[in-house]
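The primary structure of each chain is shown beneath.
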Amino acid sequence: MDLQQAIKPIALLHKGLMLVFSLVLAGGLFLVNGKIMLPILSEQQDRLFQVIAVALSGAFLFIGFKLFNKTVLKIRNSDASDDQKIMQYRAASIVWYAMIEGPGLFAMVCYIITGNIAFFILALVHLFVLFLFMPKAQVLSLLLNLKNQQ
């Protein structure tokens, strides 16, 4: 098993998610700063959305990381083959990436409809967290306790 080849699909997915998310951020910034999309919510609604966005972000990141961590430990301690471990890791990563990106996209929508820069910054935080979990062969080998490392 070539670890570099095995990690390519999840690395490609990760890069694609980062690219699309970056384009959404750039598009939102263009819409709001170019005055193409004007704020449509009141200040009171803006505050409500701030609370919802922060709560959603915190909950999804906390629960998602716990779930991802639990799954990785389960995979690490299993007697499955290296190929099976990598397939299980891919599935866990997809769920984790979705839990990172979902609240970030919500924050971006809130930014577009309110014009409040705090939502844009929250979306940037989600992009940074997604960047931190970029799949790497060496990390994958250590996390999953792979036997045949190439």
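Coordinates for the structure precede this section.
These numbers come from a predicted model, not from an experiment.

Caption draft 1: Focus on the overall build of the protein. Summing up its helical and strand segments, the protein has 5 helices and 0 strands in all. Overall, the protein shows an N-to-C arrangement of helices and strands of α-α-α-α-α. C-alpha atoms of the protein, sized along the principal axes, occupy 55 × 25 × 15 Å. Taken over 150 residues, the protein has a buried fraction of 37%. By sequence separation, contacts in the protein at least 24 residues apart represent 85% of the contacts at least 6 residues apart. When the accessible area of the protein is evaluated, it comes to approximately 8800 Å², of which 69% is carbon and sulfur surface.

Caption draft 2: Up close: the packing of helix α1 (residues 3–33) against helix α4 (residues 117–132). Closest axis-to-axis distance for the α1/α4 pair is 10 Å, and the angle between their directions is 165 degrees. One finds that α1 runs roughly antiparallel with respect to α4. α4 is crossed by α1, and the crossing has left-handed handedness. Only Phe-120, Ala-123, Leu-124, His-126, Leu-127, Leu-130 and Phe-131 of α4 make contact with α1, whose side of the interface consists of His-14, Leu-17, Met-18, Phe-21, Ser-22, Leu-25 and Leu-29. The residue makeup of the contact of α1 with α4, split by class, is 11 nonpolar, 3 polar and no charged.

Caption draft 3: Here's a closer look at the packing of aromatic side chains. This model, assessed by the stated rule, comprises 8 aromatic pairs. Pairwise contacts between aromatic rings join Phe-65, Phe-68, Tyr-89, Trp-96 and Phe-133 into one cluster.

Caption draft 4: Representation of the side chain of Thr-114 in the model. With respect to the helices and strands, the residue Thr-114 is situated in helix α3 (residues 82–114). Polar contacts involving the side chain of Thr-114 include one to the main-chain amide nitrogen of Asn-116, which spans 3.1 Å. In this structure Thr-114 touches Pro-39, Leu-41, Asp-46 and Phe-119, once residues within four positions along its chain are discounted.

Caption draft 5: Examining the packing of α3 against α4 more closely. Two elements in contact, α3 and α4, have axes whose closest approach is 8 Å; the angle formed by their N-to-C orientations is 160 degrees. Accordingly, the angle class assigned to the pair α3 and α4 is roughly antiparallel. Of the two elements, α3 crosses α4, and the hand of that crossing is left-handed. Counted together, Tyr-97, Ile-100, Glu-101, Pro-103, Gly-104, Ala-107, Met-108, Cys-110, Tyr-111 and Thr-114 of α3 and Ile-117, Phe-119, Phe-120, Leu-122, Ala-123, His-126, Val-129 and Leu-130 of α4 form the full contact between these two elements. Considering only residue class, the contact of α3 with α4 consists of 14 nonpolar, 3 polar and 1 charged.

Caption draft 6: Spatial organisation of the nonpolar core. Within the largest apolar cluster, 34 residues are counted, with the highest numbers of intra-cluster contacts made by Ile-86, Tyr-89, Leu-140 and Leu-144. Broken down by secondary-structure element, the contributors of at least two residues to this core are α1, α2 (43–76), α3, α4 and α5 (137–144). It is α3 that provides the largest number of residues to this core, a total of 11 residues. Ignoring sequence-local partners within four residues, the contact set of Leu-140 consists of Leu-3, Ile-7, Ile-86, Tyr-89 and Leu-146.

Rules used throughout
- Residues numbered from 1 in each chain as written.
- Predicted model: local features only at pLDDT ≥ 70, side-chain atom pairs only at ≥ 80, totals over all residues.
- Heavy atoms only, no water.
- Helix = DSSP H or I, 4+ residues; strand = E, 2+ residues; numbered from the N terminus.
- Buried < 20%, exposed > 50% of the residue type's maximum accessible area, 1.4 Å probe, protein only.
- Contact = heavy atoms within 4.5 Å.
- Areas by Shrake-Rupley, 256 points an atom, 1.4 Å probe, with all protein chains shown as cover.
- Axes fitted to C-alpha atoms, helices over the stretch in contact; angles between N-to-C directions.
- Parallel < 35°, antiparallel > 145°, perpendicular 65-115°, else oblique.
- Left-handed = near helix turned anticlockwise from the far one by under 90°.
- Nonpolar A, V, L, I, M, F, W, Y, C, P; charged D, E, K, R; others polar.
- Phe/Tyr/Trp six-rings, centres within 6.5 Å; stacked < 30°, edge-to-face > 60°.
- Polar contact = N/O pair within 3.5 Å; in protein donor to acceptor, adjacent residues only side chain to side chain.
- Core = buried A, V, L, I, M, F, W, Y, C linked by side-chain atoms within 4.5 Å.

None of this, on its own, says anything about what the molecule does.
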